[in-house]
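Listed below, chain by chain, are the residues.
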Amino acid sequence: MSNDNNTLTFSIPSFTSEDPHKILLHQATNADEDQGLSETNTGFVMWPSAVMLSHHISKNPSIVLGDDNSPDGDVMELGAGCGLVGLTAATLLQNHTDEDNDDKVIFTDYNPVVLENLQKNIDLNDFDVDHKVLGLDWFDQEEHQEQQQQQSDDGSDTTGEETTTNTTTTTTWVDVEGNEHAQVRLILGADLIVCTNDADLVASTIDSALIDGGKAFILGADQYTRFGVQNFPDACRQLGLKVVVHEDLLETNFAIAEEVDGEVQQEQLMEELELGGYNQRAATMAHDFTFFHITKPIAKAVA
């Protein structure tokens, strides 16, 4: 772990090597003084939830690599910010898959300055995994789904031509330019839910962007720190998504670390969290984390 001016170095643990994965990150510069507070500066700086999720997928690489039951498709980081989680996923794909693997990592966020910084962080890190950086607005996804569903009900595609297949689900999500993209097999997101309405927006975006049979892993501050967190599971379930909730993630990780390697792993994790903005001594930043494991069921075709 190090901090050189505005460029951070994270050491994400590797379970296949004694040497950790080194990931470099540059934090975006925001000239808007009104966004000086960290609560509104969401995409410009590192957040501790991204550290927690990156550590989690490194310790459980099958989340990113998939298994025999995983559908084909790409990996998306939703609300990527500085891109630590997506870069960790790309590193895992590069180190654990063969050369024929064509999985793409798609980094998404809304703010153009954040997207520029995301590309800079990708360039800072040496990996050969195919990738894209795309603008994505959560508000666009529900409208896009409604349009696709209407076209499906009418028996026509986007060109107005009649189709012969009718399904109950949409098959694409849309970027800020209005371009459609294929749904992905895995969505990763850290600290996405900050405001009350974020619960519905994130749930609808996951439903729109995730392929049938795909999974999403969303990690953030607990409900005592963020509005909307307690509403998120119900928002997902109302859309037909299956949700498993794990609370008190930091406490659990410390318990596991104590069993495995005494206080060493605890200290390493806390150092990384503090680099990501976590302050155990400040009441406004000292919190635990909630982890959501979401699965999109395979829909049945309508005759």
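Structure: above.
Quick caveat, the model's predicted, so the values are computed rather than measured. (Residues numbered from 1 in each chain as written. Predicted model: local features only at pLDDT ≥ 70, side-chain atom pairs only at ≥ 80, totals over all residues. Heavy atoms only, no water.)

Considerations on the overall build of the protein chain
Regarding its fold elements, the protein chain presents nine helices and twelve strands. Every one of the 303 residues in the protein chain was classed for burial, and the buried ones make up 49%. In the protein chain, the proportion of contacts linking residues at least 24 apart, taken out of those at least 6 apart, comes to 75%. For the protein chain, the exposed area adds up to about 15200 Å²; of that, 45% sits on carbon and sulfur atoms. (Helix = DSSP H or I, 4+ residues; strand = E, 2+ residues; numbered from the N terminus. Buried < 20%, exposed > 50% of the residue type's maximum accessible area, 1.4 Å probe, protein only. Contact = heavy atoms within 4.5 Å. Areas by Shrake-Rupley, 256 points an atom, 1.4 Å probe, with all protein chains shown as cover.)

Observations regarding the pattern of salt bridges
Inspection of every chain in the model, using the stated rule, returns seven salt bridges. A salt bridge links K296 to D212, with the nearest nitrogen and oxygen atoms 3.9 Å apart. Remark: D212 occurs in strand β10 (residues 210–221) and K296 occurs in the segment after β12 (289–295); sequence separation between them is 84 residues. Ionic contacts of the salt-bridge type, sharing partners, join the residues D74, K104 and D130 into one network. (Salt bridge = Lys/Arg side-chain N within 4 Å of Asp/Glu carboxyl O.)

Section: empty space enclosed by the protein
Evaluated as defined, the whole model comprises one cavity of 30 Å³ or more. Counted as a void, the largest cavity has a volume near 50 Å³. Around the largest cavity sit D191, L192, I193, I218, L219, G220, A221, V229 and F292, which together line it. A breakdown of the residues in the lining of the largest cavity according to their chemical character gives seven nonpolar, one polar and one charged. (1 Å grid on protein atoms, 1.4 Å probe; cavity = no way out; pocket = protein on both sides within 12 Å on 5 of 7 lines; lining within 4 Å. Points joined across faces, edges and corners; volume = space filled by probe spheres on them. Nonpolar A, V, L, I, M, F, W, Y, C, P; charged D, E, K, R; others polar.)

Considering helix α6 (residues 198–209)
Taking 1.5 Å of rise per residue, the twelve residues of α6 would be expected to cover 16 Å, and the 16 Å separating its terminal C-alpha atoms lies within 8% of that figure. Where burial is concerned, most of α6 is hidden: eleven out of the twelve residues are buried. Within the sequence span of α6, burial applies to D198, A199, L201, V202, A203, S204, T205, I206, D207, S208 and A209. (Expected span 1.5 Å × (residues − 1).)

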